[in-house]
Amino acid sequence: MDAPRLDAIDRRILRALHRNARLTNAELAEQVGLSPSPCWTRVKRLEQAGVIKGYVAILDQQSLGLPDTVIIEVMMERHDEESLRRFEQAVTEMPEVIEAWLVTGEYDYVIKAAVGGTAGYERLLREKLYRLPGVRHTRTSFTLRSLKQSWTPAP
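Residues numbered from 1 in each chain as written. Predicted model: local features only at pLDDT ≥ 70, side-chain atom pairs only at ≥ 80, totals over all residues. Heavy atoms only, no water.

1. Examining helix 2 (residues 25–32)
Reasoning step 1: L28, A29 and V32 are the residues of helix 2 that are buried. Buried residues of helix 2, seen end-on, are gathered within an arc of 100 degrees and therefore sit on one face of the element.
Reasoning step 2: Looking at the buried positions of helix 2, the neighbouring elements they touch are helix 1 (8–19) and helix 3 (36–48).
Reasoning step 3: Count one or two residues on from helix 2 and you reach G33, which has phi positive near 80 degrees. (Buried < 20%, exposed > 50% of the residue type's maximum accessible area, 1.4 Å probe, protein only. Helix = DSSP H or I, 4+ residues; strand = E, 2+ residues; numbered from the N terminus. Arc of directions from axis to C-beta. Contact = heavy atoms within 4.5 Å.)

2. Some details on the packing of aromatic side chains
Each aromatic ring pair is summarised here by two numbers: the centre-to-centre distance and the angle between the ring planes.
Reasoning step 1: Inspection of every chain in the model, using the stated rule, returns two aromatic pairs.
Reasoning step 2: Centroid distance F87 to Y109: 4.6 Å. Interplanar angle 40 degrees. Geometry classified as tilted. Taken as a pair, F87 in helix 4 (residues 81–92) and Y109 in strand 3 (residues 109–115) lie far apart in primary sequence, 22 residues in all.
Reasoning step 3: You can call Y109 buried: its relative accessible area is 4%.
Reasoning step 4: For the ring pair Y121 and F142, a centre distance of 5.5 Å and an interplane angle of 75 degrees mean the geometry is edge-to-face. Taken together, the residues Y121 in helix 5 (residues 117–128) and F142 in strand 4 (residues 135–142) connect sequence positions 21 residues apart.
Reasoning step 5: Its relative accessible area of 14% is what places Y121 among the buried residues. (Phe/Tyr/Trp six-rings, centres within 6.5 Å; stacked < 30°, edge-to-face > 60°.)

3. Some details on the pattern of salt bridges
A side chain with one charge may pair with a side chain of the opposite charge, provided their charged atoms come close.
Reasoning step 1: Per the stated rule, a full pass over the model turns up eleven salt bridges.
Reasoning step 2: A salt bridge links D10 to R42; the nearest nitrogen and oxygen atoms lie 2.8 Å apart. Taken together, the residues span a long stretch of sequence, with D10 in helix 1 and R42 in helix 3 at a distance of 32 residues. By the burial criterion, D10 is buried, and R42 matches it.
Reasoning step 3: Overlapping salt bridges bring together D7, D10, R42 and R45 as one network. (Salt bridge = Lys/Arg side-chain N within 4 Å of Asp/Glu carboxyl O.)

4. So, the packing of helix 1 against helix 2
Reasoning step 1: Where helix 1 meets helix 2, the axes come as close as 9 Å, and the angle between the chain directions of the two elements is 125 degrees. Put simply, helix 1 runs oblique to helix 2. Considering only the axes of helix 1 and helix 2, their crossing is right-handed. Residues R12, I13, A16, L17 and R19 of helix 1 touch helix 2, and the partners they reach there are L28, Q31 and V32.
Reasoning step 2: Each residue belonging to the contact of helix 1 with helix 2 can be placed in one class, and the counts come to five nonpolar, one polar and two charged. (Axes fitted to C-alpha atoms, helices over the stretch in contact; angles between N-to-C directions. Parallel < 35°, antiparallel > 145°, perpendicular 65-115°, else oblique. Left-handed = near helix turned anticlockwise from the far one by under 90°. Nonpolar A, V, L, I, M, F, W, Y, C, P; charged D, E, K, R; others polar.)

So this is what it looks like as structure tokens:
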């Protein structure tokens, strides 16, 4: 599937929404140098084309009682479709899991999760991950601090 063509105005709209998705259409139009009607039309076109996938609230992990972020590498015992499907389904249902990827290399999956310290991490590991069939081995790193946090690349 070809990526939609984005002109300079589309990119200005995307950059402004990337910084602050709560802008009103009037505020956005002013920032990008358009009148409100064509700005609204462009935003709708970008949404319909799938360039803008949605709008979210970014929650503060500390306020949720999950101040720590761990990166967990998971090695599976088996690689048959059913084992992988069940593992992936279970991981997507874990509220602590922020992101998860199927990867190449020594490990099969990389999981980014929010936990409440070492006790929260141990609960995630023992009560959830290690109970999933097919998990052979994990390796985890606690993050010390975030240097950059973004949910998409800036246009």
